[in-house]
Amino acid sequence: MTRQSVAKAHEKIQELAWEPLYHEPVSQYGTDYTFQKAKKKDPLKQVLRSYFPMQEEKDHRVYGAADGAIRGNMFRQVQERWLEWQKLFLSIIPLPEISAARAMPLLFRTVPNPELHNGQAIQMIDEVRHSTIQQNLKRLYMNNYIDPAGFNSSLRNFQNDYCGTIGRQFAEGFITGDAITAASIYLTIVAETAFTNTLFVAMPAEAAANGDYLLPTVFHSVQSDESRHISNGYATLLMALADEGNHQLLARDLRYAWWNNHRVVDAAIGTFIEYGTKDRRKDRESYAEMWRRWIYDDYYRSYLVPLEKYGLEIPHDLIEEAWNQIWNKGYVHEVAQFFATGWLANYWRIDPMTEKDFEWFEYKYPGWYDRYGKWWENYARLSHPNGHHPIVAEDVDYQYPHRCWTCMVPCLVREDMVMAEVDGQVRTYCHEACRWTDVEAFRPTYQGRETPNMGQLIGHREWETLYHGWNWADVVSDMGYVRDDGKTMVAQPHLDLGDQKKMWTLDHLRRMPPVQSPNVLLNEMSPEEREAFHANYVRGGPAGRPAPADA
Amino acid sequence: MTTAEAAPEATERSVPKPVFTDAEAGAKEFPDSKARRFNYFTPSKRKQSHYEDVTVEVQPDPRHYLAQGWLYGFSDGRGGYPLDWTVLKAWGGDRPEPERYPGSGGKGYDWPAHGWHEFRDPNEEWELTLYRYGANVVRQINQNVEIARQAKAFEQWNPNWVRFVERNVGAWMHVEHGLGLYLFANANRRAPTNMHNNAISVNSMHKIRFAQDLALYNLTLSEEIEGFDGKAHVDTWNEDPAWQGVRRVAEQLTAIDDWCEAIFAANVVFEPLVGELFRSHLVQHAAPGNGDFVTPTVVGAGEYDYAQRDLRYTKAMFQLLVDDKEFAQHNRQHLSAWLSTWVPRCLGAARELQPLWSQPDAKPPRFEEALDRAKSRFSGIVTELDLDVPKELNQ
Ligand SMILES: [Fe+2]
Ligand SMILES: [Fe+2]
């Protein structure tokens, strides 16, 4: 279609929108936001006559590349260290994608402008595309990569794993609660506009550096749909801003969504990029450098700040604090160390770090070795079974952390941990912002204002609590992380396949002390004991070191 | 990612180096080295299909694997995809969610835990298939309309037929658009499995595409036919008494809360009694006699979407519920009640369309004859689902 005919076609399909005369469509989702009904322009300008062939053409390229990768034996040069982390990433990501599809109807009745609904419906089908094309990539990995374990079980294991629930927020946050908070602010304004750059652009670049050019092919194709979704979000945001009564809610939701995305996405993608790579060229960008460019400069400075003049209250403090966490407080390193501490509760293998890795970390993050070096040396030392326990049950100067009740990443930057008694439970939070999210934001009133449509944080949010008192071998069997000989574990703290003596089995786990839920223990304490515990915990770290005994 | 700094020519460019890792399938033997299939669900046939691999279990369920439960709830504290968003039930659905407490472990019921997970879309739609199909349809329509334009095919239309197309064929785009968005796209948030919701979203796109096909065809006709009123479809939809019955029932369909009732009422009742009545028994039959060989190709694409794809998954979806090993009786009662509710509404809308039959110069087969055919098509679908044809059909 010519440019002019596309414009004309787009104008024509505006005639499709109509207002009901006899019955209103069902209204199933609530919001505390208010919108003025006003004639709007469809921000997407997408006509299916050109959309379908365009997507089909993109598919041709993706599937052509997939065939080429297999014919060209791509897996002979793929780094296992990298592909193993894809077992986690590719179990997480199809769910947020499909949840984004499911989220679109939340906006139909709450944003009463039919001109926007066409774009939302196209986003819906885009997201079906993303979810299934990513599942397909995972299937290809399962079929062609040396170790299918973990890929073959991913959608069972993602749903019960020690890290998996963290990632699930990135999906569930889109589909429940206040419709605008979920489907507009959390999904489009923050997750898509800010964080898909690290997900779909930065991470694929790292994949390519590790011999995998299929992930970039698929994810760049996904990312090419993203600008449309960002336009959807922007149009809704501008409409919300037009009503001053919404400003307080927008400020609340931007704080929550920003902080939660930072906690969740930076934890996962930061770990994949920094600890999942073998590319240690000094001039390759670190996650912190990428973050500074994609998120701080492109999103914060160029996208958010200009909205301030329309009355958007921007959480400058939390944006600076997220950077502070990444740059000064070692957030990504703390998370990677935690994921590796519990390697046995995962369903992928985590490669030890080597001298070469140490050197790179020290160069990119000065002071890294003093903090984390010893622990990773211990990790390598304990990686093959040799009469000792997995690292979580060995004395390596690491205090097992408490979970953050809100973001479910543990309270890793020890000094930031806060506690609150909520709904009859003493909860720990990784940071004041996560306490605020639970105690103040997700409540039916906010700063004295009624917010009856606000969602709730629910569920059994500490993984450890479900297994309190269990033997580790039973935990791993219960979750189903066992290979087809009935005893070798899916997870291993090394990449040495083929030598069965080096493989950890359920038998090794039987001898370990039982799992203890930090939160259960905390709730058993007297208030004084808890205070003392808290005072001690916040003196711990970095790298999970317990507080010094004196001082 | 290479460095942006200009490097002196002699130095090597900084690029990652390929390394031989031998990480391909079969390079070594070890436990699970041959376990190359998704092991968390039972395929519906002997071998798992590609469609199942990319679809099943993406949307989790606390009854089997979702150990920690849903993490976010609505303001009433309910999260995820509540089973009671429809009154219909699938076996196992009444069992409580597994209880979780300190030391409970994370195991739920064995997969699938309940009958909803047994549904598979017989069209096996996922992204590859849906874009291939959509692209083929729009290419075909484009070509048909373009050839007709070049052949000056529209010049043969008599004035009454021009009016008929601009008003009535035009008005139908609003039905497709309204249902595509507010019934089908809306329902893609409601069903308890990914198999349901993906099939429903593909149905939604069929309708939205067909609506746009009709709008863009209307645009071409405004450019090609002298005096063709490209806005007449709006007035017809808003004011023509013959169309208000269809409009009323289409709006009423979007007002349904229960997602199963919405899909059932639309695809089992409305489509055969009103949709096919208009598209097949009026437009497709009247067009050739009035010198129009083009409109049937555009309308035919939408007809094919429904008859060959959307109805197909709908039947499979409800067949499972009608045959459910625990709740067949319960489901049949509700489905029968829905038939009794929606058949009269749709028949009413169908009858109000009757004046359209006398508008073209070359008349299509009589309205009563068309309606009889639509009714027998409807009865056939209902009988195939092993439900009783409602007595309201004969009113
Ligand atoms: Fe997406
Ligand atoms: Fe947190």
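Heads up: the structure comes first, above all this text.
The numbers attached to residues start from 1 for each chain and follow its sequence in the written order. For naming, the first written chain is A and the first written ligand is 1, with later ones following in the order written. In keeping with the model being predicted, local features are shown solely for residues with a pLDDT of at least 70 and side-chain atom pairs are shown and tallied solely at 80 or more, while totals for entire chains, interfaces and linings include all residues. To get the side-chain values, all heavy atoms of the structure are used, and hydrogens and water are removed first.

Caption draft 1: Quick look at the interface of chain B and chain A. The contact rule is simple, with two residues in contact once any of their heavy atoms fall within 4.5 Å. On the side of chain A, 124 residues touch chain B, which itself brings 114 residues to the contact. Summed over both partners, the accessible area lost on bringing two parts together, with a 1.4 Å probe, is the buried area. Interface area, chain B with chain A, both sides summed: about 10,800 Å², of which 58% is carbon and sulfur. When a carboxyl oxygen of Asp or Glu is within 4 Å of a side-chain nitrogen of Lys or Arg, the pair counts as a salt bridge. Taken together, chain B and chain A are joined by six salt bridges. Between Arg129(A) and Glu127(B) there is a salt bridge; the shortest N-O distance is 3.5 Å. Between N or O atoms, a polar contact is any pair within 3.5 Å; within protein, one atom must be a potential hydrogen donor and the other a potential acceptor, and residues adjacent in sequence are included only when both atoms are from side chains. Across the contact surface, chain B and chain A share 74 residue pairs in polar contact (both at pLDDT 80 or more). Strands are runs of DSSP state E lasting at least 2 residues, helices are runs of H or I lasting at least 4, and numbering of each runs from the N terminus. Counting residues per element, the ones that place at least two in the side of chain B that touches chain A are helix H1 (50-55), strand E1 (72-73), helix H2 (127-150), helix H3 (159-187), helix H4 (194-224), helix H5 (232-239) and helix H6 (241-254) of chain B. No other element matches the 18 residues that H4(B) contributes to the side of chain B that touches chain A. Residues were grouped as follows: Ala, Val, Leu, Ile, Met, Phe, Trp, Tyr, Cys and Pro as nonpolar; Asp, Glu, Lys and Arg as charged; and all remaining residues, including Gly, as polar. When its residues are assigned to classes, the side of chain B that touches chain A shows 49 nonpolar, 38 polar and 27 charged. Being paired, for any two strands, means DSSP has found at least two bridges between them. Direction of pairing for strand E5 (residues 456-457) of chain A relative to E1(B): antiparallel, over a ladder of two bridges. Residue Leu457(A) lies in a different strand from E1(B), and its bridge partner there is Tyr72(B).

Caption draft 2: Quick look at the coordination of the iron ion (ligand 1). Residues and elements named next belong to chain A. Protein coordination of the iron ion (ligand 1) is provided by Glu-97 (OE), Glu-127 (OE) and His-130 (ND1), with donor distances spanning 2.1 to 2.2 Å. Metal donors: N, O and S atoms at distances within 2.8 Å, or within 3.2 Å for Na, K and Ca, with water omitted from the atom set so that some sites may seem incomplete. Read from N- to C-terminus, the donor residues coordinating the iron ion (ligand 1) fall into the pattern E-x29-E-x2-H. A residue pair is termed a helical-turn pair when its members lie 3 or 4 positions apart in one helix, as Glu-127 and His-130 do in helix H6 (residues 114-144) at three residues. In terms of burial, Glu-127 and His-130 fall into one category: buried. Residue exposure (1.4 Å probe, protein chains only): buried if accessible area is under 20% of the type maximum, exposed if over 50%, otherwise partly exposed.

Caption draft 3: The packing of H3(B) against helix H7 (residues 259-289) of chain B, seen in detail. Residues and elements named next belong to chain B. Lines fitted to C-alpha atoms define the axes here, with helix axes fitted over just the stretch in contact, and angles between the N-to-C directions of these axes take values from 0 to 180 degrees. The interhelical angle for the contact between H3 and H7, taken along N-to-C directions, is 165°, at an axis separation of 12 Å. Relative to H7, the element H3 lies roughly antiparallel. As H3 packs across H7, the resulting crossing turns out to be left-handed. Here the contact of H3 with H7 is built from residues that sort into 20 nonpolar, three polar and two charged. Working rule for angles: under 35 degrees goes down as roughly parallel, over 145 as roughly antiparallel, 65 to 115 as roughly perpendicular, anything else as oblique. What makes a crossing left-handed is the near helix being turned counterclockwise from the far one by less than a right angle; a clockwise turn instead makes it right-handed.

Caption draft 4: Local environment of the environment of Gly77(B). Relative to the helices and strands, Gly77(B) is located in the loop between E1 and H2. In contact with Gly77(B), other than residues within four places in its own chain, are Gln456(A) and Ile458(A).

Caption draft 5: View of the packing of H6(B) against H7(B). Residues and elements named next belong to chain B. Where H6 contacts H7, the two axes come as close as 12 Å, and the packing angle between them is 160°. On the basis of the axis angle, H6 is roughly antiparallel to H7. In this structure, H6 meets H7 at a crossing whose hand is left-handed. Contact residues: H6 offers Trp-243, Val-246, Val-249 and Leu-253, while H7 offers Ala-265, Ala-266, Phe-270, Val-274 and Phe-278.

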